[in-house]
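Descriptive structure summary
Next come the chains, spelled out residue by residue.
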Amino acid sequence: MHIQSKLPNVGTTIFTVMSQLAIQHKAVNLGQGFPDFMMSETLTELVAKAMRDGFNQYAHVNGLPLLRERLAEKVAKLYQTNIHPDTQITVTPGGTYAIYTALTTVLQPGDEVIVFEPAYDSYIPNIEVNGGVAVRIALQYPAYSIPWDEVRAKVTSKTRIIMINSPHNPSGSVLSEQDIVALKSIVANTNIVILSDEVYEHLIYDGIRHESILRHKDLLERSFVCFSFGKTYHCTGWKLGYCIAAPSLMAEFRKVHQYNCFSCDTPKQVALAEYITNKEAYLLLGATLQQKRDYFRNLMTNTAFKLIPSHGSYFECYSYKGLSNLADKDLAIYLTKHHGIATVPVSAFYKDGTDNQVLRFCFAKQKNTLDKAVEGLIGFKG
Ligand code: PMP
Ligand code: GLN
């Protein structure tokens, strides 16, 4: 049998590659982004209770109504924006699916999507499988900031979407108010849609405010904003998230969603609808993860790697320029095999494999995991 590949140049995602290598070599896995500590026992119990209470059949196609109502309340408090739970929120099986569905909803063959690299690894395949053309713009190294003049220069009559991601994976950089001003001026009086990946909305540090698209009514009118419960509640394996958009955009999104997923896991939505009323669970998240980042940062001063500071996400990047001449992918493999620590090479987030000699480390781990991981690195002198 032969079929023509829709993604002829795509291999296995780097997260799977590095996680499997970590298992094979019994290395500490700071590669793939997932916490190695337990999620909330209360939330776990609420899921068990929902199942026992009989919430085991299909949920509403757009997401459990109570959960959507409570999400709208959360958004109103956090971002001072009123969104309608009936017309503007859809619960999805994860943030990645929300992003994919938004792209499927909007893109016609040949449409251009501006995407910043390093880019989360699903973005470009998701654009291409939907017939779009990724117009790649490199974030300015090492701050990983957006070169807005280049964005202006690359907007054409075919530009359909600009994708943004803050806090950013893999760099941990965050958008500022000035970035939002620049974005507004570029999209004003155009038909450009914004696709904003905000799965790390609560994982932001150093007293910085998350510049959500949801703060800006004028931008929300043209945006799909994607979130992940997995990131907020330390349950990445649940694969549950949601998308918020203007009613007219959301109506189209739902046409795609209803024939693809239809509805998401019911007991988990019932549990989340209850647990989301506990504001501390997400409001204290930044402080908890910042402690982990700082603990990890401090450990890393004992190694020869050079910090590229992050202000958000699960990740911090380190440069090994001057330490080794290996390509970052080769170094990541070498460290997994010989120093017992798995990381992610940042070149994997560039379509052309741009290699700035940077590795990404996930610090959302228990202290002893971080201790053990860095212990292995201390002996690496290049
Ligand atoms: N976007 C970014 C930037 C991510 O790092 C991730 C990884 N979890 C996702 C989206 C996907 O989230 P989910 O696991 O809910 O699909
Ligand atoms: N978001 C996580 C990361 O960036 C992992 C997601 C995945 O494995 N697909 O590492």
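Anyway, here's the lowdown on the structure attached to this text. Values in this document were obtained by computation on a predicted structure and should not be read as measured data. (Residues numbered from 1 in each chain as written. Chains lettered and ligands numbered in written order. Predicted model: local features only at pLDDT ≥ 70, side-chain atom pairs only at ≥ 80, totals over all residues. Heavy atoms only, no water.)

Let us now look at the site of ligand 1. Close to ligand 1 lie Gly-94, Gly-95, Thr-96, Tyr-120, Asn-165, Asn-169, Asp-197, Val-199, Tyr-200, Ser-228, Lys-231 and Lys-239, which account for all nearby residues. In this structure, Asp-197 approaches ligand 1 through a side-chain N or O atom, which is 2.5 Å from a nitrogen atom. Burial of ligand 1 by the surrounding chains reaches 93%, relative to a free accessible area of 380 Å². Partitioning the shell around ligand 1 into residue classes produces three nonpolar, six polar and three charged. (Near = heavy atom within 4 Å. Polar contact = N/O pair within 3.5 Å; in protein donor to acceptor, adjacent residues only side chain to side chain. Areas by Shrake-Rupley, 256 points an atom, 1.4 Å probe, with all protein chains shown as cover. Nonpolar A, V, L, I, M, F, W, Y, C, P; charged D, E, K, R; others polar.)

Turning next to the sheet that holds strand β12 (residues 344–345). Read across the sheet, four strands follow the order β9-β10-β13-β12 without closing on themselves; strand pairing throughout is antiparallel. At either end of the open sheet lies a strand with only one pairing partner, and these are β9 (306–308) and β12. Sheet topology places strand β10 (residues 315–319) next to strand β13 (residues 358–362); five bridges connect them, and they run antiparallel. Of the residues in β13, the one forming a bridge with Cys-317 is Arg-360. Relative to β10, helix α14 (residues 285–300) is tilted by about 20°, and along the sheet it contacts β9, β10 and β13. (Pairing = 2+ DSSP bridges. Helix = DSSP H or I, 4+ residues; strand = E, 2+ residues; numbered from the N terminus. Contact = heavy atoms within 4.5 Å. Axes fitted to C-alpha atoms, helices over the stretch in contact; angles between N-to-C directions.)

Residues in contact with ligand 2, as listed here, are Phe-15, Gln-32, Gly-33, Tyr-120, Asn-169, Tyr-200, Lys-231, Phe-315 and Arg-360. Between ligand 2 and the protein, one listed contact pairs an oxygen atom with a backbone N or O atom of Gly-33 at 2.7 Å. For ligand 2, an oxygen atom lies 2.8 Å from a polar atom in the side chain of Asn-169. Compared with its free state, where it exposes 300 Å², ligand 2 has 79% of that area covered by protein. Residue classes in the shell around ligand 2 are distributed as four nonpolar, three polar and two charged.

Moving on, we get to the pairing of strand β5 (residues 159–165). Where burial is concerned, most of β5 is hidden: six out of the seven residues are buried. Note: strand β3 (residues 112–117) against β5, three bridges, orientation parallel. Of the residues in β5, the one forming a bridge with Val-113 is Ile-161. With five bridges connecting them, β5 and strand β6 (residues 193–197) associate as parallel partners. When the bridges of β6 are listed, Met-163 appears paired with Leu-195. For the crossover from β5 across helix α8 (residues 177–187) to β6, the handedness is right-handed. (Buried < 20%, exposed > 50% of the residue type's maximum accessible area, 1.4 Å probe, protein only. Right-handed = clockwise from strand over helix to strand, strands pointing away.)

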